[in-house]
Number of protein chains: 2
Amino acid sequence: MIKQCIDAAANRVKADIVLRNASYVNVFTGRIEEGDIAIVGDRIVGVGKYEGKEEYDVKGLTVLPGYIDGHVHIESSQLSPEEFASLIVPRGTTTIIADPHEITNVCGMDGVDYIIRASKNIPLDVRVQLPSCVPATPFETSGAILSGKDVEEHICDDGVFGLGEFMNYPGVINADPDVIRKLEAAHRAGKIIDGHAPATSGNALNAYLCGGISTDHECISVEELDEKISKGMYVHLRHGSSTRNLVSNSKAVNAANMRRFILCTDDRHAADLKEKGHIDDALRKAVAGGLDPIWAVTIATLNGAECYSLKDKGAIAPMKIADLVVVDNLKDFNAKYVFKGGKLVAEDGKPLFDTTKRYLPSSVLNTVHVDPLKADDFRLTLKGKRARVMTILPGNVVTGCEIMDIASKDGDVDIVGTDVLKMAVVERHKHTGNIGKGLLKGYGFKGGAMGITISHDSHNIILLGDDNESMAKAANELARIGGGMVIADKKDGKVYSLTLDIAGLMSSRDADSLQRDSKALIERAYSMGVDREQEAFMSLAFLSLAVIPQLKLLDTGLFDVTKFAFTTVDAE
Amino acid sequence: MIKQCIDAAANRVKADIVLRNASYVNVFTGRIEEGDIAIVGDRIVGVGKYEGKEEYDVKGLTVLPGYIDGHVHIESSQLSPEEFASLIVPRGTTTIIADPHEITNVCGMDGVDYIIRASKNIPLDVRVQLPSCVPATPFETSGAILSGKDVEEHICDDGVFGLGEFMNYPGVINADPDVIRKLEAAHRAGKIIDGHAPATSGNALNAYLCGGISTDHECISVEELDEKISKGMYVHLRHGSSTRNLVSNSKAVNAANMRRFILCTDDRHAADLKEKGHIDDALRKAVAGGLDPIWAVTIATLNGAECYSLKDKGAIAPMKIADLVVVDNLKDFNAKYVFKGGKLVAEDGKPLFDTTKRYLPSSVLNTVHVDPLKADDFRLTLKGKRARVMTILPGNVVTGCEIMDIASKDGDVDIVGTDVLKMAVVERHKHTGNIGKGLLKGYGFKGGAMGITISHDSHNIILLGDDNESMAKAANELARIGGGMVIADKKDGKVYSLTLDIAGLMSSRDADSLQRDSKALIERAYSMGVDREQEAFMSLAFLSLAVIPQLKLLDTGLFDVTKFAFTTVDAE
């Protein structure tokens, strides 16, 4: 391989592929430079004057190194790795650091294994982190637990790149023994550990970093970001669907700290990937927001490669992997061609590769284990008239708590005619029969029930409704289809659903047809009154996330995150 | 370990050591920041408000990360690793990338092993490269050969960090099979390969870089440097004793390319280390030459750590190794304290550690294997009257060739009363009996012979003289003492010598007494007429370096580097 590259670089033989008349971003000099880019096998052999067996004239276009997404949960797209790739590779992303935290909460190491092996068949370099915090809290029932011992056993597994975002920052700062065991294991293995430490600063941040944690994507202010960089972290500028700090945080990029920034999307829905884009969209937005385009490209490429020790990525230079994006300009970043490892894999936004699901093991299918439910299972009996009701703000995963008067009738709350809905979280991993119940105000749905098997981070069934019979029907349908999204309409007595067969989180179908059916179901939810400021189903998924204030519902009951303790719906 | 660090960082227990009231260079933000630097074990746990079991008030001083010398041949100091450390650690250098190219030419893998093991006993992190080009040319007799097979066998040895500077750049560009074998081995092992490619550019440089080579320290112009950086190389700014490009090349440092520069000394004599300094002197000179002091420090620390993937070095931040230099200011860089791995190892320029040679194996001693020589062995019989004579320029390792009339008498050249000396290179590794002979003009020595067992890169005995008897005496003395430097004075009949017992290159004695005796012998050479523009002995060492033009003398004969072929002293 080296010999062939040297021979072509020295013009003794023709290169395999040459991009003639290229202008390209040189991330080492910060300049746009010119030449013919020569490729042999999966490597760039040089920029100079070259001839190739195959040639592309890219005059007038600009060639960039393939983009690196430094932190992403593929599951948030509801797509398989193959379909995810079909959306992001044509946009120019050629490497992702994937943290399969969601599927691992359902399937344990089988989930990690699935993401690793399914990703082998696609022209996208998927570096898979071992999730560090499964479950996210000890208070709920998840499908799996990854203990310190598990991390010790699996951190050096084939295909495991590092340790995923360490969300349990209090556990690190308090030096919890099982946390230390995980950190020590990753440290001994020389593996990178991603971070997640919102609003942590001062000596507490020092303590967190003594865990050997390298990155953070949760900065919400320039001050927070500046402290994290000053303490040696790489900071991801995030461009997710719900959570974004890219444009505001990119104001903090300067010549001295520039090399410490990387890009990530974290959680991005298929619709956004399809319609707006991926890292290309982050580049567009960052540049529109005032970030120097060459800095933006460097952040999206070389910096990610440096942070994650991907020594042969992130630049256009001899012996770098030939992951290349050919774009129209450094404002729009429309990708004309994408090369992955020296192969043309996308053209004009269209993937040129097969997305057949060659690896789809039974271990990630049929993951909804719930015994048949009936209407009475959803009765919510109050002792008095006052209740703790969860409130919700559009576009925010923080919830509130309001003490309200709630009527009762026949040993069940009577919410007909109010702006309050019944909530339920039905444990779906282990047939425990657990059903957590609560009340939610301000969601706007009427006339039945809706539910989903995505509910962060344990991914039990989360249901909303104003009719017990419909809630039971909805839950039973989710069990029947093996996970997904559902609406039970009381009026017509019908149940409408969309299957997410992979762990109840993702679909094995193709991106386009899934999108179409998903949109139809979402539209049905809106037509039944869901506030259009909410994401019809995905806003539900955060109502059980017990690391975000204030009131959350778990399969084990109502939880007050501010006190980190269970509470009751009864408020008197 | 992680737990103790976290506990101290979070202020639950006292740190081991705290540098109170520190101002320090933050290489991540490019600022001077303030706080108490807390250390536990060998790690920094954070900068903040801290108390320690042991405290140093460093108010008014500036704390820097320990310096990294990115490329150095310890042998050039003529000191053992222990004594070398005693000179450079008190200056603030805490990590070096050492290429034991010289000792390996004499002792083979035993030389590599010696440097690795001797360096274990000192507070200096010595990362040892496997020399890539032993011997430097196939035309001479070296003590050892490291073939592609040897590199394959040893590249993953304990203590082998990477592959040393690949000086055989024509071999890389031409894809010589044994060269490819070495490069492939390092590449497979994921090891860094250092470079050495003077004046290589364009597609030839691309070809060289397809060897997977990462660095270069030979740039002699800003243009050369800029191209090398643009092609992904890290460029060492060099501050050796003879070869320096630091100040001129540092003019090319700018905000876009800054992260691609590192510092090195390559070859630096003990006297310079003692009197001028090491990387501290490079920093002084660079800053005096106009380089921003924070950039200079970043280049000397973080950049070296990044280039060589020393992830826990090069910065003052949580979980970085506590290698710290406390200096007076960023102009003079006088080191008040040096900490290595959290231990105070030098104060006010004085080492606080033991330099006992705990590892000095017989395999690197007694390396001069020459049968007794007599005066007649040094006869140089010409066929005619015209001879090719080597000429030498002060301070330059390039030699010239002059065709001169040379008289003969009794079958030997008659150089009495001329400015020409007889030269001889006596093979000293394998009793071959090889003696290469030649003539040198303009060195200025009279009345006997002088010689040394350092002669790049095969390190045979190189002798100069105007008297055959003295030349034989000098050679025999070098054999008797096991290598070193020698003067045979014809007038008093005495032989004066200094022993370099380790491979004939370095001394196992302490730095100070060696320096004193070395200076005395050098002074004797000058008193016998050596041109004071020359380095009395070390200028000799380059007269056999057959990769530098024009005329060089090998044990196998006179060599014309411009033709890359042997030639004769006879010029008609």
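A quick note: this is a predicted structure, and the numbers were derived from the prediction, not measured.

Q: Would you mind going over the interface of chain B and chain A in detail, with residue names and values included?
A: Facing 60 residues of chain B, the contacting portion of chain A comprises 60 residues. The three residues of chain B that bury the most area against chain A are Phe28(B), Cys210(B) and Arg259(B), which together make up 17% of that side's buried surface. Inspection of the chain B/chain A interface yields six salt bridges. Summed over the shared surface of chain B and chain A, the number is 24 residue pairs in polar contact (both at pLDDT 80 or more). Its residues placed into classes, the side of chain B that touches chain A shows 28 nonpolar, 18 polar and 14 charged.

Q: Lay out the relation of the copies chain B and chain A in plain terms, naming residues and giving numbers.
A: Relative to chain A, chain B is turned by 180° and slid 0.1 Å along the rotation axis, the superposed coordinates differing by an RMSD of 0.1 Å. Taken together, the rotation and translation relating the two chain copies correspond to the operation of a two-fold axis. Taking C-alpha positions as the reference, the residue of chain B nearest the rotation axis is Ala255(B), at 2.9 Å. An overlap of 100% is found between the interface residues of chain B and their copies at the interface of chain A, pointing to a shared contact surface.

Q: Give me the environment of Asp405(A): which residues, what numbers.
A: All names here are of chain A. In this structure, Asp405 sits in strand β19 (residues 399–405). Separated by 19 residues in sequence, Asp405 and Arg386 have C-alpha atoms that sit 4.6 Å apart. When near neighbours in sequence (up to four residues on either side) are disregarded, Asp405 contacts Lys385 and Arg386. A polar atom in the side chain of Asp405 sits 3.2 Å from the side chain of Arg386.

Q: So what's going on with the sheet that holds strand β13 (residues 261–264) of chain B? Residues and values would help.
A: The strands making up a sheet are joined through hydrogen bonds of the backbone, oriented either antiparallel or parallel. Residue and element names in this part refer to chain B. Taken together, the three strands give an open sheet; going across it, the order is β11-β12-β13, and neighbouring strands pair in parallel fashion. Of all the strands in the sheet, just β11 (215–216) and β13 have a single pairing partner and so form its edges. Two elements, strand β12 (residues 234–238) and β13, share four bridges in a ladder whose sense is parallel. Looking at β13, one finds that Val235 is bridged to Phe261.

Q: Lay out the side chain of Thr355(A) in plain terms, naming residues and giving numbers.
A: Residues and elements named next belong to chain A. Along the chain, Thr355 falls in the loop between β17 (350–351) and β18 (386–392). Of the polar contacts made by the side chain of Thr355, one reaches the side chain of Glu83; its length is 3.1 Å. Setting aside chain neighbours within four positions, we find Thr355 in contact with Glu82, Glu83 and Ser86.

Q: Could you give me a rundown of helix α2 (residues 81–88) of chain B, with the residues and numbers involved?
A: Along α2(B), eight of the eight residues are buried, which leaves the element largely enclosed by surrounding structure. Packing partners of the buried residues in α2(B) comprise β6 (67–72), β7 (93–98), α4 (109–118), α11 (270–275), β17 (350–351) and α16 (511–527) of chain B.

Q: Mind laying out the sheet that holds strand β28 (residues 551–554) of chain B, listing which residues take part and the relevant values?
A: Residues and elements named next belong to chain B. Strand order in the open sheet formed by three strands is β28-β29-β30, and the pairing between neighbours is antiparallel. With partners counted over all chains shown, the strands left at the sheet margins are β28 and β30 (565–566), one partner each. Of the pairings in the sheet, the one linking strand β29 (residues 557–560) to β30 comprises two bridges and is antiparallel in character. Across the sheet, Asp560 pairs through a bridge with Ala565, a residue of β30.

Q: An account of the pattern of salt bridges is needed here, citing residue identities and associated values.
A: The tally for this structure, following the rule as stated, stands at 90 salt bridges over all chains. A salt bridge links Asp281(A) to Arg284(A); the shortest N-O distance between them is 3.4 Å. Of this pair, Asp281(A) and Arg284(A) both sit in helix α12 (residues 279–288), three residues apart, which is roughly one turn of the helix. The exposure class assigned to Arg284(A) is buried, which follows from its relative accessible area of 18%. Asp354(B) is paired through a salt bridge with Arg358(B); the nearest N and O atoms lie 2.7 Å apart. Connected through shared salt-bridge partners, Arg91(A), Arg268(A), Asp280(A), Asp281(A), Arg284(A) and Lys285(A) make up one network.

Q: Hey, could you go over helix α13 (residues 293–300) of chain B for me, with residue numbers and the actual values?
A: Residues and elements named next belong to chain B. α13 sits mainly inside the fold: six of its eight residues count as buried. Residues Ile294, Ala296, Val297, Thr298, Ile299 and Ala300 constitute the buried set of α13. Where α13 begins, one side-chain oxygen reaches toward the backbone nitrogen of Ile294, 3.0 Å away; that side chain belongs to Asp292.

Q: Before we move on, can you summarise the packing of aromatic side chains with the specific residues and values?
A: Tallying each qualifying case throughout the model produces 20 aromatic pairs over all chains. Judged by centre distance (5.3 Å) and plane angle (70°), the rings of Tyr56(A) and Tyr337(A) are edge-to-face. Here Tyr337(A) lies in strand β15 (residues 335–340) and Tyr56(A) lies in strand β4 (residues 52–57), a separation of 281 residues in the sequence. Looking at Tyr56(A), the relative accessible area reads 13%, which means it is buried. Their ring planes at 85° and their centres at 6.1 Å tell us that Phe139(B) and Phe566(B) sit as a pair that is edge-to-face. Of this pair, Phe139(B) sits in the loop between β8 (125–130) and α5 (148–154) while Phe566(B) sits in strand β30, and the two are 427 residues apart along the sequence.

Q: Go over the pairing of strand β6 (residues 67–72) of chain A with me, naming the residues and quoting the values.
A: All names here are of chain A. Most of β6 sits inside the fold, with six of its six residues counted as buried. Pairing of β6 with strand β7 (residues 93–98), which is carried by four bridges, proceeds in the parallel orientation. Its bridge partner lying in β7, Ile68 is registered against Thr95. In this region the chain leaves β6, passes through helix α2 (residues 81–88) and returns to the parallel neighbour β7; the handedness of that crossover is right-handed.

Q: Give a detailed account of the side chain of Asp125(B), specifying residues and quantitative values.
A: Residues and elements named next belong to chain B. Following the sequence through the fold, Asp125 ends up in strand β8. Assessed through its relative accessible area of 16%, Asp125 is described here as buried. Here the side chain of Asp125 touches Arg127 through a polar contact of 2.9 Å, side chain to side chain. When neighbours within four sequence positions are excluded, Asp125 is seen to be in contact with Thr94, Thr95, Ile96, Lys313 and Lys340.

Definitions and limits used
Residues numbered from 1 in each chain as written. Chains lettered and ligands numbered in written order. Predicted model: local features only at pLDDT ≥ 70, side-chain atom pairs only at ≥ 80, totals over all residues. Heavy atoms only, no water. Contact = heavy atoms within 4.5 Å. Buried area = accessible area lost by both parts, 1.4 Å probe. Salt bridge = Lys/Arg side-chain N within 4 Å of Asp/Glu carboxyl O. Polar contact = N/O pair within 3.5 Å; in protein donor to acceptor, adjacent residues only side chain to side chain. Nonpolar A, V, L, I, M, F, W, Y, C, P; charged D, E, K, R; others polar. Least-squares fit on C-alpha atoms with pLDDT ≥ 70 in both. Helix = DSSP H or I, 4+ residues; strand = E, 2+ residues; numbered from the N terminus. Pairing = 2+ DSSP bridges. Buried < 20%, exposed > 50% of the residue type's maximum accessible area, 1.4 Å probe, protein only. Phe/Tyr/Trp six-rings, centres within 6.5 Å; stacked < 30°, edge-to-face > 60°. Right-handed = clockwise from strand over helix to strand, strands pointing away.

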